[in-house]
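The chain contents come next:
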Amino acid sequence: MPETASTTESTASAEVIGSAEATGSTEADAAVETTASVTSVTSVTSVTSVTSAGPRRALLPALAPLLRTWLPRQRWFAGKGRPVTGFTLESATELLPLDGTGPGLLHLLVRVEQPGRPAGAPADCYQLLLGVRPELPPRLAPALIGRIRQGPLAGRTVYEGLRDPRLAGLLYERLRTPGRTGPLRFHTGTALPPALAPRVLDAEQSNSSLVFGESFILKIFRRVSPGANPDLELPLALARAGCARVPAPVAWFEAGAATLGVLQPYLRGSRDGWRLALDALADGREFTTEAHALGRATAEVHLALATALPTERLERDRAASLAAAMGTRLDAAAQAVPALLPYVPGLRAVFAAAGDATGTGRLQRVHGDLHLGQTLRGSDGAWTVIDFEGEPAKPLDERRTSHPPVRDIAGMLRSFDYAARTHQPWNPDWSARCRDAYCAGYAEASGADPRDDPALLRAYETDKAVYEVLYEARHRPDWLPVPMAAIARLATVP
Ligand SMILES: Nc1ncnc2c1ncn2[C@@H]1O[C@H](COP(=O)(O)OP(=O)(O)O)[C@@H](O)[C@H]1O
Ligand SMILES: O=P(O)(O)O[C@H]1O[C@H](CO)[C@@H](O[C@H]2O[C@H](CO)[C@@H](O)[C@H](O)[C@H]2O)[C@H](O)[C@H]1O
């Protein structure tokens with residue numbers, strides 16, 4: 001089922017960028033960096049930078065026509081379906097000089113102007129790592145973005161830098177040494193081995209990841225916003241709490257208040273829960289043993305998060321406000337996807353029941369987007385949980401708020417449903433058995449059975465299904481029937 005990518009073009013041009021330049025922030029002016037010579041991947045020990053406003057003036061107008069076509073085609077581009085009308089440069093850092101005869105590596109934080117953003121909200125900011133070469137060798141042809149037609153770099157070829165092993169290796173070497181390069185701050189928690197061969201992970205993902213020497217994986221966040229990214233914050237907290245269910249960050253980098261990338265141990269030979277579930281379905285096998293173990297793993301992560309970070313009682317007024325927020329999200333989703341409209345009254349009743357429930361539980365930091373694809377089973381059979389970024393479409397503040405742990409449980413229950421639905425013939429009993437086994441495993445390890453609070457569980461499952469309707473409408477319209485089937489079920493009084 002393919003993803004959609006609208007490439008609606010606008011009249012975006014140098015004028016739009018020019019006006020942004022004219023009014024551009026002084027922060028952007030100060031953030032242009034050129035680096036001292038960095039010649040080989042293995043020899044980087046320090047990188048110094050000098051500030052120069054010159055390259056910036058020429059850079060963005062030269063890149064804009066290329067980015068306007070290339071960006072909307074990227075899996076991680078969140079603004080699909082809306083035209084790109086302009087760009088504003090937040091920072092430009094040469095991690096490898098662009099004017100040499102070899103490849104250059106340009107790190108950019110670029111705001112992408114698109115219509116339809118809420119009043120006062122800033123344009124989405126994306127992290128780009130662009131390679132620049134006089135000519136692109138044939139092996140890098142799939143990474144091509146385009147040829148620059150104007151400015152001092154006219155005639156040079158721009159490409160996805162992460163796909164060039166030399167440039168990706170340079171980034172790894174930079175991560176091995178704590179310190180700054182212009183606006184970029186690199187942190188290293190442990191000694192890292194030098195010169196590990198990089199490869200790009202070709203996974204369906206919301207960001208971009210590189211694997212180094214089959215030992216470490218670096219996630220480059222694509223859409224970045226100020227504030228600690230929970231995908232760094234929570235694994236660090238879990239590592240401090242001694243939780244082995246999550247790969248502990250070993251290095252990361254930031255700019256301003258934004259987390260830009262995290263390096264973690266790569267679990268070689270592991271397979272993700274989604275693939276394993278589909279394999280089980282294809283072979284006519286049960287998945288209950290795995291689901292039970294996943295329930296235990298989820299409970300362990302929740303207990304560790306509750307130890308490491310603050311928790312609070314789920315009071316009745318808070319339950320009511322959580323339910324109200326679900327209603328607001330439903331209204332927004334129904335506006336965007338009118339197929340939801342007939343179900344709105346039924347779904348509202350589900351949220352109301354959760355809001356009325358007398359809360360006995362607690363609120364705490366949770367994973368926030370837990371599904372089978374976020375779990376890895378290692379060669380030793382142990383389950384690990386990854387990707388604590390939360391739902392990528394939500395603002396960072398929202399992704400960092402506390403929730404009842406049942407929110408994650410609901411996410412995983414939806415995932416068993418997804419797996420069963422995407423397999424022909426549909427086997428609802430397979431999914432029901434997985435769901436029960438998962439809840440039982442969770443109850444055993446945590447002492448709290450999520451099925452004991454059915455109103456809350458149902459509300460979170462519904463909220464997740466509403467999110468999925470929006471997600472699929474935007475990214476994979478062919479998959480829309482999967483969450484819509486859940487919507488029809490959940491909107492019907494049991
Ligand atoms: N520590 C790891 N070890 C092995 N594979 C990993 C690890 N972390 C992530 N992956 C693989 O990378 C894929 C994408 O990672 P994920 O964190 O889900 O990225 P995104 O947030 O961009 O969707 C996962 O589905 C998994 O296959
Ligand atoms: O990119 P992320 O992994 O952070 O999460 C987003 O993409 C997921 C799909 O890749 C999406 O998950 C939905 O589809 C899964 C099957 O592909 C299914 O297992 C999940 O239950 C379902 O929610 C996720 O919602 C989205 O945030």
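Basis of the calculations
- Residues numbered from 1 in each chain as written.
- Chains lettered and ligands numbered in written order.
- Predicted model: local features only at pLDDT ≥ 70, side-chain atom pairs only at ≥ 80, totals over all residues.
- Heavy atoms only, no water.
- UniProt positions renumbered as here; feature names shortened; annotations may be inferred.
- Salt bridge = Lys/Arg side-chain N within 4 Å of Asp/Glu carboxyl O.
- Helix = DSSP H or I, 4+ residues; strand = E, 2+ residues; numbered from the N terminus.
- Buried < 20%, exposed > 50% of the residue type's maximum accessible area, 1.4 Å probe, protein only.
- Near = heavy atom within 4 Å.
- Polar contact = N/O pair within 3.5 Å; in protein donor to acceptor, adjacent residues only side chain to side chain.
- Areas by Shrake-Rupley, 256 points an atom, 1.4 Å probe, with all protein chains shown as cover.
- Nonpolar A, V, L, I, M, F, W, Y, C, P; charged D, E, K, R; others polar.
- Domains from an automatic or database assignment.
- Pairing = 2+ DSSP bridges.
- Phe/Tyr/Trp six-rings, centres within 6.5 Å; stacked < 30°, edge-to-face > 60°.
- Lys NZ or Arg CZ within 6 Å of the ring centre and 35° of its normal.

Under an unreviewed UniProt entry, the name given to the protein is Maltokinase, and the source organism is Streptomyces laurentii. Its UniProt record gives the protein a comment under Pathway (unreviewed entry), which states: "Glycan biosynthesis; glycogen biosynthesis."

A. View of the pattern of salt bridges. The tally for this structure, following the rule as stated, stands at 37 salt bridges. The partner of Arg-451 in a salt bridge is Asp-436, and the shortest N-O contact between them spans 3.1 Å. Residue Arg-451 is located in the loop between α12 (428-446) and α13 (454-475), and its partner Asp-436 is located in helix α12; the two are separated by 15 residues in the primary sequence. In this structure, Glu-461 and Arg-489 form a salt bridge, with 3.1 Å as the shortest nitrogen-oxygen distance. Here Arg-489 lies in helix α14 (residues 481-490) and Glu-461 lies in helix α13, a separation of 28 residues in the sequence. A relative accessible area of 4% places Glu-461 in the buried class. For Arg-489, a relative accessible area of 39% translates into the label partly exposed. A network of salt bridges, in which partner residues are shared, links Asp-369, Glu-391, Lys-394, Arg-407 and Lys-464.

B. A look at the site of ligand 1. As a structural note, the neighbourhood of ligand 1 is formed by 17 residues, with Leu-201, Gln-205, Asn-207, Lys-219 and Leu-267 the closest of them. Between ligand 1 and Ser-206, the relevant distance is 3.1 Å, taken from an oxygen atom to a main-chain nitrogen or oxygen of the residue. Take Asp-387: an N or O atom from its side chain is 2.9 Å from an oxygen atom of ligand 1. Against a free-state accessible area of 550 Å², the protein chains account for coverage of 88% of ligand 1. Classifying every residue of the shell around ligand 1 by side-chain character gives 8 nonpolar, 6 polar and 3 charged. Split by domain, the residues of the shell around ligand 1 number at least three in each of domain 2 (168-265) and domain 3 (271-491).

C. Structural detail: the pairing of strand β5 (residues 124-133). Summarising burial for β5: 9 of the 10 residues are buried, a large majority. One ladder, built from 9 bridges, connects strand β4 (residues 104-113) with β5; its direction is antiparallel. When the sheet's bridge partners are listed, His-107 is paired in β5 with Leu-129. Pairing analysis gives 2 bridges linking β5 to strand β13 (residues 223-224), with the strands arranged antiparallel. Residue pairing in the sheet places Cys-125 in a bridge with Val-224 of β13.

D. Local environment of the packing of aromatic side chains. Summed over the entire model, instances satisfying the criterion amount to 10 aromatic pairs. One aromatic cluster is present, built from ring pairs that chain together Trp-70, Trp-76, Phe-77 and Tyr-126. Here the guanidinium or amino end of Arg-476 rests over the ring plane of Trp-479, the centre of that ring lying 3.7 Å away.

E. Spatial organisation of the site of ligand 2. Lining the immediate environment of ligand 2, one finds 15 residues, of which Ser-206, Asp-369, Ser-415, Tyr-467 and Glu-468 sit closest. In this structure, Asp-369 approaches ligand 2 through a side-chain N or O atom, which is 2.7 Å from an oxygen atom. Within the side chain of Tyr-471, an N or O atom sits 2.9 Å from an oxygen atom of ligand 2. Protein burial of ligand 2: of its 540 Å² of free accessible surface, 93% is covered by the chains. For the shell around ligand 2, the element with the highest residue contribution is α13, accounting for 3 residues. When the residues that make up the shell around ligand 2 are grouped by side-chain class, the tally is 6 nonpolar, 4 polar and 5 charged.

F. Representation of helix α6 (residues 273-282) within the structure. Of all the 10 residues making up α6, 7 are buried; the element is thus mostly covered by neighbouring parts of the structure. Within the span of α6, buried status applies to Gly-273, Trp-274, Leu-276, Ala-277, Leu-278, Ala-280 and Leu-281. A positive phi of about 70° marks Gly-284, the residue just after α6.

G. Inspection of unusual backbone geometry at higher detail. The residue after Gln-424, namely Pro-425, is reached through a cis peptide bond having omega -5°. Note that Pro-425 resides in the loop between α11 (406-422) and α12. Even without being a glycine, Ala-195 presents a positive backbone phi close to 55°. Inspection of the secondary structure puts Ala-195 in the loop between β9 (184-188) and β10 (198-200). Classification of Ala-195 as partly exposed rests on a relative accessible area of 42%. Backbone geometry places Asp-387, a non-glycine residue, at a positive phi of 60°.

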